[in-house]
Amino acid sequence: MNVNMFYRNGVKSLLVVATLMLMQSCGFIKEKFGGGKGEESGVSNGEITATARKGYRQTTPAGMVSVPSGSFVMGQADEDLAATMVNMNRRVTISSFYMDDTEITNHEYRQFVDALMVDSISVLGEEEIKTKYYPDTTVWKKDFAYSNGDPMVEYYYMHPAFDTYPVVGVNWLAAQYFCQWRSNLYNDYRSKEGLFYSPSFRLPTEAEWEWAARGGRASAKYPWGNPYTMNGKGCFLANFKPQRGNYDADGYPYTAPSNAYNPNEFGLYNMSGNVSEWTLDAFADNSNAIMWDMNPKNEDPTEPRKVIKGGSWKDVAYYLQTGTRSYEFETERRAFIGFRCVMDNVDGRRGASSGRR
């Protein structure tokens with residue numbers, strides 16, 4: 001009997017010791033009761049002993065894909081048919097970032113507008129929200145003279161049939177505000193969950209957009225490669241104005257769902273065609289001369305012209321080329337311009353592996 005009692009007490013003692021050791025190894029005792037020597041503040045015994053804070057890992061936000069860092073020859077990938085001479089070739093290097101795999105859709109943008117009407121109406125006012133941030137659906141008539149755009153005006157933004165189609169009629173300023181709202185929404189949640197602050201959502205720079213569009217193909221004319229707009233089966237690879245104006249030949253007379261057609265090798269849909277996309281950069285004819293070759297960005301608030309990239313459903317194939325650049329004024333709303341967001345990848349800003357094509 002005494003032997004059994006001794007055995008049971010011994011087992012209990014071992015369990016207590018094991019539990020204490022486990023708690024200490026997991027940092028429970030230090031976290032709950034303090035380390036006693038200032039380890040948590042990064043100072044110990046009068047010396048700086050701070051190391052990396054634990055628990056941080058940047059995760060891919062919902063709806064985004066990771067775009068690796070890389071270096072490529074930015075600029076025209078084919079002949080400059082318009083002879084603009086505003087996008088001469090030069091090598092640039094881009095750090096890793098996250099990018100929306102599709103253009104922002106009507107239903108996604110509607111979350112933003114609805115939230116403003118609930119949370120910000122007392123500050124901004126209903127009139128400002130509707131005039132500045134609500135999509136201008138009349139662009140379907142205003143942008144195209146002698147065209148019956150009435151059905152698109154009435155249904156495109158609000159009807160559920162178009163929920164997954166890219167939002168249009170949004171100017172550059174509204175796209176910027178959407179990024180700010182999305183950042184606040186994301187970080188408010190992270191703060192409540194006790195998580196580290198995340199980098200903000202924003203529009204991509206022109207260089208980031210072009211690097212992402214090429215999908216790792218260093219000199220790709222289009223996101224799918226070179227040199228044609230059709231595959232071997234005769235199917236068009238994007239939504240644009242093919243042939244001599246046969247808008248229906250690619251499957252969609254106007255815009256297409258934001259995830260239509262095949263993605264490029266980074267997993268990004270419709271980087272060419274469907275809708276042109278706002279970028280962060282101000283437009284400059286001499287951008288080669290004024291921008292650096294490491295993460296170039298032309299953020300000029302005095303320049304109202306902003307670079308748009310990718311071409312749209314109403315453009316010929318020249319504008320679908322990854323290197324073609326154009327611009328629109330930041331206050332203008334068009335039936336053929338949308339946007340997507342990016343986020344800096346700060347978790348691992350290390351160089352990409354070699355061997356890119």
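Rules used throughout
- Each chain carries its own residue numbering, running from 1 in the written order of its sequence.
- Thresholds applied to this predicted model are a pLDDT of at least 70 for local features of residues and 80 or more for the giving and counting of side-chain atom pairs; totals over whole chains, interfaces and linings are not thresholded and use all residues.
- In computing side-chain properties, one takes all heavy atoms of the structure into account and sets aside hydrogens as well as water.
- Counting from the N terminus, the helices are DSSP H or I runs at least four residues long and the strands are E runs at least two residues long.
- The rule is simple: take the accessible area with a 1.4 Å probe, protein chains only, and divide by the maximum for that residue type; under 20% is buried, over 50% is exposed, in between is partly exposed.
- In what follows, a contact means two residues having at least one pair of non-hydrogen atoms within 4.5 Å.
- Confidence of the predictor at the level of single residues is captured by pLDDT, which takes values from 0 to 100.
- In this analysis an axis means a line fitted to C-alpha atoms, helices contributing only their contacting stretch, and an angle means the value between N-to-C directions, from 0 to 180 degrees.
- Under this scheme an angle from 65 to 115 degrees is roughly perpendicular, one under 35 degrees roughly parallel, and one over 145 degrees roughly antiparallel; angles in between are oblique.
- For this scheme, ten residues count as nonpolar: Ala, Val, Leu, Ile, Met, Phe, Trp, Tyr, Cys and Pro. Four count as charged, namely Asp, Glu, Lys and Arg, and the remainder, Gly too, count as polar.
- Rotating anticlockwise by less than a right angle from the far helix to the near helix defines a left-handed crossing, while the corresponding clockwise rotation defines a right-handed one.
- For two strands to count as paired, DSSP must find a minimum of two bridges between them.
- Ring pairs are drawn from Phe, Tyr and Trp, using the six-membered ring of Trp, whenever the two centres fall within 6.5 Å, and their geometry is named by plane angle: stacked under 30 degrees, edge-to-face over 60, tilted for the rest.
- To sit over a ring, a charge needs its Lys NZ or Arg CZ within 6 Å of the ring centre and within 35 degrees of the ring normal.

Moving on to the side chain of K221. Looking at the element boundaries, K221 is found in the loop between α8 (206–214) and β8 (276–282). The class for K221 is buried, based on a relative accessible area of 12%. Among all residues touching K221, those that are not within four sequence positions of it are A77, D78, N226, P227, L320, Q321 and T322.

Another aspect to go through is unusual backbone geometry. In this structure, P227 follows N226 across a cis peptide bond, with omega equal to -20 degrees. Note that P227 resides in the loop between α8 and β8. Non-glycine residue N45 carries a positive phi angle of around 55 degrees. Tracing the chain through its elements places N45 in the loop between β1 (43–44) and β2 (47–48). Classification of N45 by relative accessible area gives exposed; the value is 61%. Positive phi, close to 55 degrees, is recorded for Q243, a residue that is not glycine.

Right, let's get into the confidence of the model for the protein chain. Taken over all residues, the pLDDT of the protein chain has a mean of 87, while the share at 70 or more is 86%. pLDDT under 50 marks residues 24–39. Its contacts with residues more than four places away, or in other chains, come to twelve contacts.

What follows covers the packing of helix α3 (residues 106–124) against helix α7 (residues 172–192). Direction vectors running N to C along α3 and α7 enclose 85 degrees, while the axes themselves pass 11 Å from each other. Regarding the angle of α3 to α7, the classification is roughly perpendicular. Of the residues in α7, those in contact with E108, Y109, Q111, F112, A115, L116 and L124 of α3 are A174, Y177, F178 and W181. Of the residues belonging to the contact of α3 with α7, the class tally is nine nonpolar, one polar and one charged.

Close contact between α3 and helix α4 (residues 126–133) brings their axes to 8 Å; oriented N to C, the two are set at 145 degrees. In this structure, α3 crosses over α4, and the sense of that crossing is right-handed. On α4, the residues that touch Y109, F112, V113, L116, M117, S120, I121 and L124 of α3 are E126, E128, I129, K130 and Y133.

The next point concerns the sheet that holds strand β10 (residues 326–329). One open sheet accounts for four strands, arranged β10-β9-β8-β11; its pairing is mixed. The sheet is open, and its two borders are formed by β10 and β11 (337–338), each paired with just one other strand. Where strand β9 (residues 305–309) meets β10, four bridges bridge the pair, whose relative direction is antiparallel. Paired with I308 across the strands is S326, a residue of β10.

Strand order in the open sheet formed by four strands is β3-β6-β12-β7, and the pairing between neighbours is antiparallel. Each of the sheet's edge strands pairs with one partner strand only, and the pair in question is β3 (64–67) and β7 (201–202). Here four bridges tie β3 to strand β6 (residues 97–100), and the two strands are oriented antiparallel to one another. Bridging from a neighbouring strand, M64 pairs with D100 of β6. Along the sheet face, α8 touches β3, β6, β7 and β12 (342–344) and points at about 75 degrees away from the line of β6.

Attention shifts here to the packing of aromatic side chains. The tally for this structure, following the rule as stated, stands at 30 aromatic pairs. Residues Y247 and W313 carry aromatic rings whose centres are separated by 6.3 Å and whose planes lie at 55 degrees to one another, so their mutual orientation is tilted. Taken together, the positions of Y247 in the loop between α8 and β8 and W313 in the loop between β9 and β10 put the pair 66 residues apart, joining distant regions of the chain. Y247 sits in the partly exposed class, given a relative accessible area of 30%. Aromatic side chains Y327 and F329 sit 6.1 Å apart centroid to centroid with 85 degrees between the ring planes, which places their arrangement in the edge-to-face category. On the basis of relative accessible area, F329 is assigned to the partly exposed category, the value being 37%. An aromatic cluster of at least three residues, connected via ring pairs, comprises W140, F144, Y156, F162, Y165, Y247, Y254 and W313. Across the ring face of F336, the terminal group of K314 is positioned such that the distance to the ring centre comes to 4.2 Å.

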